Amino acid sequence: MNYQRPKGTNDILPTDSPKWQFVEETARLLFGDYQFSEIRTPMFEHIEVISRSVGDTSDIVTKEMYDFHDKGDRHITLRPEGTAPIVRSFIENKLYGPEFPKPYKVYYMGPMFRYERPQKGRLRQFHQIGVEVFGSKNPATDVETMAMALDFFDQLGIKGLRLVINSLGDQETRQAYRQALIDYLVPFEEELSADSKRRLHENPLRVLDSKDKKDKVIVADAPQILDYLSEEARHHFEQVTAMLDALEIKYEIDSNMVRGLDYYTHTIFEIMCDSKTLGTQSTVCAGGRYDNLIEEFGGEPTPGFGFGMGVERVLMILDAEGAAIPTVDTIDAYVVHLGEETNIEALKVVQAIRQAGYSADRDYMGRKAKAQFKSADKAKAKLVLTLGESELEAGVIKVKNMATRTEVEYALETVYTDFNQIFDEMSQSAE
Ligand code: ATP
Ligand code: MG
């Protein structure tokens, strides 16, 4: 019997949810300003949707999938990332049609699932906020989308992040580079880690991404993909850097950066945090261009650009920087009621206040006046309404401004007909 949460998952408790809401709300507002709309796709997909796009030899597909056969014997997987499902949806719903804006821009937020070894900043159910842009080849799309990611961190008050970019070029680039890389690596084959040995022939670019120390030394002197860019790919990359310069956005170029997903072409980028906050996981946001993915899925050739960021990692940085999270931690009114007989009336009063558009709470535990006032204080109530048996009989209610301690008696009826008036009068007495 195991009544604990599964390994690598978290409960997001009410003490933490204001931070989540702040991050999500910031994204919604900012992405809205950039004219992105929200898309929500299912939490699970047919496995081909993922294996086809992310790549059969990628870690995600070979090791990290949460897949299963459902009762109808369909091979299903929980989604490990957002891009493939959205590309599937883009084609299935014909979002490339003439009635839709071009480029077509969407954002998403939600849980992703990967069977990984849980550690700091690495979970089995984690959350991503991400965006996709379909239909623009313009390098301005690459730059604007990266700028939006940086704006997002800026709005959260997070500083000291680094933008790192590279280009993986087009098919022509990849073919030329792949051969050069194999030629360079083969003499080291016996020294490479087991994973890299396998990757050398399956997908040599991935060897550049190895976390193994010995591999890293070997890879350090490997040929650089930037020296193999085709004419077109070089032009695209030059435009990207020129536009980053034009916006005065600082960036670094890392020619060994390849990313873990197979579908990227041209620009790829990561936003990294160097402080110890994230432990060994320093990437908080990652993405790039994927100009062939939609065609590979059977859609009309359509270029794409997107990124995904790990919300848990964003929150770890926010916490470490002690960023101020805006929260509402007061309520407009608290209803203190005394004696059994006032129970129904207290219910009516608290509901009337809420229906008038104010936040309100009351006592449910039949506690003494002192304890109820303590609750009102703790909830930072602006007004406390007190209803005892004698008030009920007289058809009145006492209203106290907790800041000024002024107390006024109102006809109970006024709470029902015009709580607005009570609130305005009593709040004014605070000045
Ligand atoms: P990593 O190299 O850290 O495994 P990745 O290349 O697998 O990252 P992507 O698939 O590009 O990552 O996902 C984008 C972002 O999602 C990452 O930069 C990270 O912030 C977050 N992320 C990825 N996997 C996890 C995980 N298991 N737990 C928490 N966050 C994650
Ligand atoms: Mg990974």
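Along each chain, residue indices are assigned from 1 in the same order as the chain's sequence is written. As a convention, the first chain written is A and the first ligand written is 1, with the rest following in written order. Residues qualify for local features only when their pLDDT is at least 70, as the model is predicted, and side-chain atom pairs are given and counted only at 80 or more; totals for whole chains, interfaces and linings, by contrast, use all residues. Water and hydrogen atoms play no part in the side-chain values, which are based on all heavy atoms of the structure.

Student: Explain the UniProt feature "binding site: L-histidine" (unreviewed entry) in the protein chain to me, using residue names and the numbers behind them.
Tutor: Per the UniProt record, "binding site: L-histidine" (unreviewed entry) is annotated on Glu-81, Gly-82, Thr-83, Arg-114, Gln-128, Glu-132, Arg-259, Tyr-263 and Tyr-264. As for the annotated residues named above, the ones lining the largest cavity are Gly-82. Working definition: helices are DSSP H or I runs of at least four residues, strands are E runs of at least two. Numbering for both runs from the N terminus. Position of Gln-128 among the secondary structure elements: in strand β6 (residues 125-134). Among the residues examined, Gln-128 registers a relative accessible area of 10% and is labelled buried. Contact between two residues is taken to exist if any of their heavy atoms lie within 4.5 Å; hydrogens are not considered. Those residues within four positions of Gln-128 in sequence are excluded, and the remaining contacts are Glu-81, Gly-82, Tyr-108, Met-109, Gly-110, Met-112, Arg-114, Met-309 and Val-311. Tracing the sequence through the fold places Arg-259 in the loop between β8 (252-253) and β9 (265-273). Judged by relative accessible area, which is 16%, Arg-259 ranks as buried. Once residues within four sequence positions are removed from consideration, Arg-259 is found in contact with Arg-206, Asp-209, Tyr-264, Ile-268, Phe-269, Glu-270, Ala-286 and Gly-287. UniProt positions are given in the numbering used here, feature names are shortened, and annotations may be inferred rather than shown by experiment. Of the grid points, spaced at 1 Å and generated over the protein atoms alone, those admitting a 1.4 Å probe that cannot get out make up cavities, while open sets with protein on both sides within 12 Å along at least five of seven lines make up pockets; any residue with an atom within 4 Å of a point is treated as lining. Exposed residues in this analysis have more than 50% of their type's maximum accessible area, buried residues have under 20%, and partly exposed residues fall in between, with area computed by a 1.4 Å probe over protein chains only.

Student: Go over the domain arrangement of the protein chain, please, and point to the residues and values.
Tutor: Interface size is commonly expressed as the accessible area that is lost once the parts come together. In this entry, domain limits derive from an automatic or database-based domain assignment. Parsing the protein chain into structural domains produces domain 1 (17-170 + 230-320) and domain 2 (331-428). For domain 1 and domain 2, the distance between their C-alpha centres works out to 50 Å.

Student: Describe the pairing of β9, with residues and values.
Tutor: Counting buried positions along β9 gives 9 out of 9 residues, so the element sits mostly inside the fold. If DSSP finds at least two bridges between two strands, the strands pair. Where strand β7 (residues 161-167) meets β9, 7 bridges bridge the pair, whose relative direction is antiparallel. Bridge pairing in β9 links Arg-162 to Met-272. Note: β9 against strand β10 (residues 283-289), 6 bridges, orientation antiparallel. Across the sheet, the residue bridging to Ile-268 is Gly-288, located in β10.

Student: Break down empty space enclosed by the protein for me, citing the residues and quoting the values.
Tutor: Left-over empty space is what a probe sized like a water molecule reveals as it rolls over the atoms. Grid points are joined across faces, edges and corners, and a volume is the space filled by probe spheres set on the points. Applying the stated criterion across every chain, the model contains 1 cavity of 30 Å³ or more. One number sums up the size of the largest cavity: a volume of about 40 Å³. Lining the largest cavity are Ile-39, Arg-40, Thr-41, Arg-79, Gly-82, Pro-85, Ile-86, Tyr-108 and Met-112. For the lining of the largest cavity, the secondary-structure elements that each account for two or more residues are α4 (83-92) and β5 (104-113). When residues are grouped by polarity, Ala, Val, Leu, Ile, Met, Phe, Trp, Tyr, Cys and Pro land in nonpolar, Asp, Glu, Lys and Arg in charged, and all others, Gly among them, in polar. Residue composition of the lining of the largest cavity, grouped by class: 5 nonpolar, 2 polar and 2 charged.

Student: Break down the site of ligand 1 for me, citing the residues and quoting the values.
Tutor: In the region of ligand 1, 16 residues are neighbours, and Arg-114, Glu-116, Arg-122, Leu-123 and Arg-259 sit closest. Any pair of N or O atoms that falls within 3.5 Å is considered a polar contact. Within protein, one atom must be able to donate a hydrogen and the other to accept it, and sequence-neighbouring residues count only if both atoms are side-chain atoms. In the model, an oxygen atom of ligand 1 is placed 2.7 Å from a nitrogen or oxygen of the Arg-114 side chain. Within the contact set of ligand 1, an oxygen atom lies 3.0 Å away from a side-chain nitrogen or oxygen of Gln-128. In isolation ligand 1 has 580 Å² of accessible area, and contact with the protein removes 89% of it. Going through the elements one at a time, β6, β10 and β11 (304-310) are the ones with two or more residues in the shell around ligand 1. Ranked by the residues each element gives to the shell around ligand 1, the list is headed by β10, at 4 residues. In the shell around ligand 1, the residues fall into 6 nonpolar, 5 polar and 5 charged. Only heavy atoms are used to decide nearness, and a residue is near a molecule or strand if one of them lies within 4 Å of it. Note on areas: Shrake-Rupley, 1.4 Å probe, and residue coverage restricted to the protein chains presented here.

Student: Can you explain the UniProt feature "domain: Aminoacyl-transfer RNA synthetases class-II family profile" (unreviewed entry) in the protein chain? Please cite residues and give values.
Tutor: Under the present numbering, the feature "domain: Aminoacyl-transfer RNA synthetases class-II family profile" (unreviewed entry) in UniProt falls on residues 21-326. Helix makes up 38% of residues 21-326 and strand 21%, and the two end C-alpha atoms of the span are 10 Å apart.

Student: Account for the layout of surface pockets, with residues named and values stated.
Tutor: The computed volume of the second largest pocket comes to approximately 510 Å³. Looking at the second largest pocket, it is lined by 25 residues, and the ones nearest its centre are Arg-174, Asn-203, Leu-205, Asp-262 and Tyr-264. Of all elements in the fold, only α2 (47-54), α6 (171-185) and α10 (293-296) reach the threshold of two or more residues within the lining of the second largest pocket. Among the elements that take part in the lining of the second largest pocket, α6 stands out by supplying 4 residues, more than any other.

Student: Tell me about the sheet that holds strand β14 (residues 381-387), and please be specific about residues and values.
Tutor: Ordered in space as β13-β12-β14-β15-β16, the 5 strands form an open sheet in which the pairing is mixed. A single partner strand is all that each edge strand has here, and the edge strands are β13 (360-362) and β16 (407-411). With direction set aside, neighbouring strand axes in the sheet form an average angle of 25°. Axes here refer to lines fitted to C-alpha atoms; in helices the fit is confined to the stretch in contact. Angles between the N-to-C directions go from 0 to 180 degrees.

Student: Describe helix α15 (residues 412-428), with residues and values.
Tutor: Taking 1.5 Å of rise per residue, 17 residues should cover 24 Å, yet α15 covers just 20 Å from first to last C-alpha, more than 12% shy of that figure. At Asp-418, α15 shows its strongest bend, of approximately 110°. The complete set of buried residues in α15 reads Leu-412, Thr-414, Val-415, Phe-419, Ile-422, Phe-423 and Met-426. Where α15 is buried, its residues meet β12 (331-337), α12 (343-355), β14, α14 (389-394), β15 (396-401) and β16. Here the expected length of a helix is defined as 1.5 Å per residue gap, with one fewer gap than residues. The angle between axes fitted to the seven-residue stretch ending at a residue and the seven-residue stretch beginning at it gives the bend at that residue.

Student: Would you mind going over a negative patch on the surface in detail, with residue names and values included?
Tutor: Only residues whose relative accessible area exceeds 30% and that form no salt bridge enter a patch; like-charged residues are grouped when within 9 Å of one another, and nonpolar side chains (Val, Leu, Ile, Met, Phe, Trp, Tyr) when within 5 Å. One speaks of a salt bridge when a side-chain nitrogen belonging to Lys or Arg is within 4 Å of a carboxyl oxygen belonging to Asp or Glu. Counted as positive: Lys and Arg. Counted as negative: Asp and Glu. His and the chain ends are not counted at all. All charge positions are set by atom: Lys at NZ, Arg at CZ, Asp at CG, Glu at CD. Taken together, the side chains of Glu-340, Glu-341, Glu-389 and Glu-393 define an acidic patch exposed on the protein surface. Tracing the sequence through the fold places Glu-341 in the loop between β12 and α12. Judged by its relative accessible area of 54%, Glu-341 falls in the exposed class.

Student: Pulling in residues and values, what's your account of the packing of α2 against α4?
Tutor: One can describe the packing of α2 onto α4 by two numbers: an axis separation of 9 Å at closest approach and a directional angle of 110°. If you check the angle between α2 and α4, you find them roughly perpendicular. Across the interface between the two elements, Val-49, Ile-50 and Ser-53 of α2 pack against Ala-84, Pro-85 and Arg-88 of α4. Broken down by class, the residue content of the contact of α2 with α4 amounts to 4 nonpolar, 1 polar and 1 charged. Angles are sorted into four bins: roughly parallel if under 35 degrees, roughly antiparallel if over 145, roughly perpendicular if 65 to 115, and oblique for all others.

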